[in-house]
Amino acid sequence: MGNKLLYSDVQKYINANLTTDLHSLLLKKSPFSEVSMQEIVQQIKGKQVAKKKFPFLLKEGIIFPPQLNLEQASSEKTALYKSEILKGKKFIDLTSGFGIDAYYLSKNFDEVTLVEQNAELLAIVENNWVVLDRKARFINQKLEDFLNENDEKFDVIYLDPARRDNNKNKVFLLEDLSPDILQIQKKLISISDEVVIKLSPLIDLKYLVSVLQNISRIDIIAWKNDVKEIVVFLSSKESEEIICNCVNLESEESTFTYKFGEEENAHSEYAEPEQFLYIPNNSILKAGIFNLISERFNLKKLHPNTHLYTSNEKLEDFSGRILEVEIIDSKQIKKKSQFNIISKNYPLKPEEIKKKYGLKDGGDHYLIFTQSKKGKIILKSV
């Protein structure tokens with residue numbers, strides 16, 4: 001498949017149709033006898049995704065896999081973040097998929113092994129690594145079979161389990177993933193000092209801690225305030241503490257680090273809105289450390305269920321957005337005004353608020369519809 005897709009006339013046709021409507025393309029007959037229109041469209045989709053997600057692959061000779069593999073593949077940004085953490089001599093990716101994480105992590109290891117049960121996908125990755133001048137040992141085998149036969153030890157094992165069931169529905173619990181992490185976790189720890197598992201951003205952290213053994217670290221990774229993945233680190237050495245990192249890539253915000261369980265003993269003070277309003281980034285909101293944020297930054301919370309914070313003096317080093325605000329009355333809102341709308345612990349959603357007050361979206365100022373302990377309030381950024 002790869003060789004035919006890389007013929008110069010096929011590549012020329014693909015590059016000439018990068019902005020063409022893909023549905024209309026699929027209705028056409030392929031101009032090439034040995035390459036189907038479905039294969040061509042797959043490559044166009046791949047280049048479109050790569051432009052945003054992994055632009056380093058936009059070079060001659062690269063082949064792209066089907067849509068599902070593109071969806072689960074890590075972005076270049078999150079892969080680069082992980083590559084700054086993991087180093088050693090021997091690295092193995094047991095579920096290599098499209099190999100984005102493995103590519104970036106491979107820079108830090110002398111020996112790299114990629115295991116993938118999908119032979120066609122592995123062939124694509126092998127082709128791409130030749131183009132990228134990166135070496136590895138490629139093994140086409142089911143993860144479970146590899147583990148049963150393996151007698152090697154590795155410095156780092158990496159896994160990105162498939163998050164779809166047999167009916168292609170999304171799944172999140174570890175026992176529903178492929179492979180079932182709960183069944184193989186002991187085996188993994190026995191052949192590596194460090195096991196790193198990429199998981200869905202929707203997975204619950206308390207659930208993770210309750211079912212996984214030997215967790216040493218959890219990273220909640222957001223990119224431009226959009227939580228992309230949860231990465232769990234298992235260690236062969238028992239640890240009394242689990243270090244958690246809330247990361248917001250492509251922002252100027254510092255990483256917020258805490259110990260799992262700290263939230264249980266943290267307490268918030270409450271106040272009506274003061275001069276500055278603090279909106280935690282989404283990696284922190286995912287962590288659910290609402291009282292710890294109040295305590296650690298010495299900020300007051302508006303309401304137990306309103307995860308907004310306030311102070312009279314501006315705190316510069318906050319993991320989120322800071323707005324200078326004033327309380328306004330709904331009568332002060334002029335129709336057709338332009339605002340960015342935020343709704344937190346408020347009965348109406350942003351779209352409903354825009355409709356109710358006849359507002360336009362965007363601009364430089366914010367309207368925050370929320371609730372303090374005294375009741376519903378509207379804040380305007382100044």
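Since the structure is predicted, the reported quantities are computational estimates derived from the model, not experimental observations. (Residues numbered from 1 in each chain as written. Predicted model: local features only at pLDDT ≥ 70, side-chain atom pairs only at ≥ 80, totals over all residues. Heavy atoms only, no water.)

Caption draft 1: Main features of a negative patch on the surface. On the surface, Asp110, Glu111, Asp155 and Asp193 cluster together into a patch of negative charge. Relative to the elements of secondary structure, aspartate 155 occurs in strand 4 (residues 154–159). Aspartate 155 sits in the partly exposed class, given a relative accessible area of 32%. (Patch = residues over 30% accessible without salt bridge, like charges linked within 9 Å, V, L, I, M, F, W, Y side chains within 5 Å. Areas by Shrake-Rupley, 256 points an atom, 1.4 Å probe, with all protein chains shown as cover. Salt bridge = Lys/Arg side-chain N within 4 Å of Asp/Glu carboxyl O. Lys, Arg positive; Asp, Glu negative; His and termini not counted. Charge placed at Lys NZ, Arg CZ, Asp CG, Glu CD. Helix = DSSP H or I, 4+ residues; strand = E, 2+ residues; numbered from the N terminus. Buried < 20%, exposed > 50% of the residue type's maximum accessible area, 1.4 Å probe, protein only.)

Caption draft 2: Local environment of the packing of aromatic side chains. Evaluated as defined, the whole model comprises 15 aromatic pairs. When the centroid spacing of 6.3 Å and the interplanar angle of 40° are considered together, the rings of phenylalanine 256 and tyrosine 258 count as tilted. Where phenylalanine 256 meets phenylalanine 297, the ring centres are 5.7 Å apart and the plane angle is 35°; that geometry is what we call tilted. Of this pair, phenylalanine 256 sits in strand 9 (residues 256–259) while phenylalanine 297 sits in helix 13 (residues 290–297); the two residues are 41 residues apart in sequence, bridging distant segments of the chain. Assessed through its relative accessible area of 4%, phenylalanine 256 is described here as buried. Put simply, the rings of Phe56, Tyr103, Tyr104, Trp129 and Phe138 pair up and form one aromatic cluster. The side chain of arginine 217 reaches across the aromatic face of phenylalanine 233, ending 4.8 Å from its centre. (Phe/Tyr/Trp six-rings, centres within 6.5 Å; stacked < 30°, edge-to-face > 60°. Lys NZ or Arg CZ within 6 Å of the ring centre and 35° of its normal.)

Caption draft 3: Representation of the nonpolar core. With 51 residues, the main nonpolar core has Leu94, Leu159 and Tyr258 as its most contacted residues. With 5 residues, the single largest contributor to this core is helix 10 (residues 181–191). Beyond its immediate chain neighbours, meaning those up to four positions away, leucine 94 contacts Val115, Leu143, Phe146, Leu147, Ile157, Tyr158, Leu159 and Leu188. (Core = buried A, V, L, I, M, F, W, Y, C linked by side-chain atoms within 4.5 Å. Contact = heavy atoms within 4.5 Å.)

Everything listed here is a matter of geometry and, on its own, says nothing about what the molecule does.
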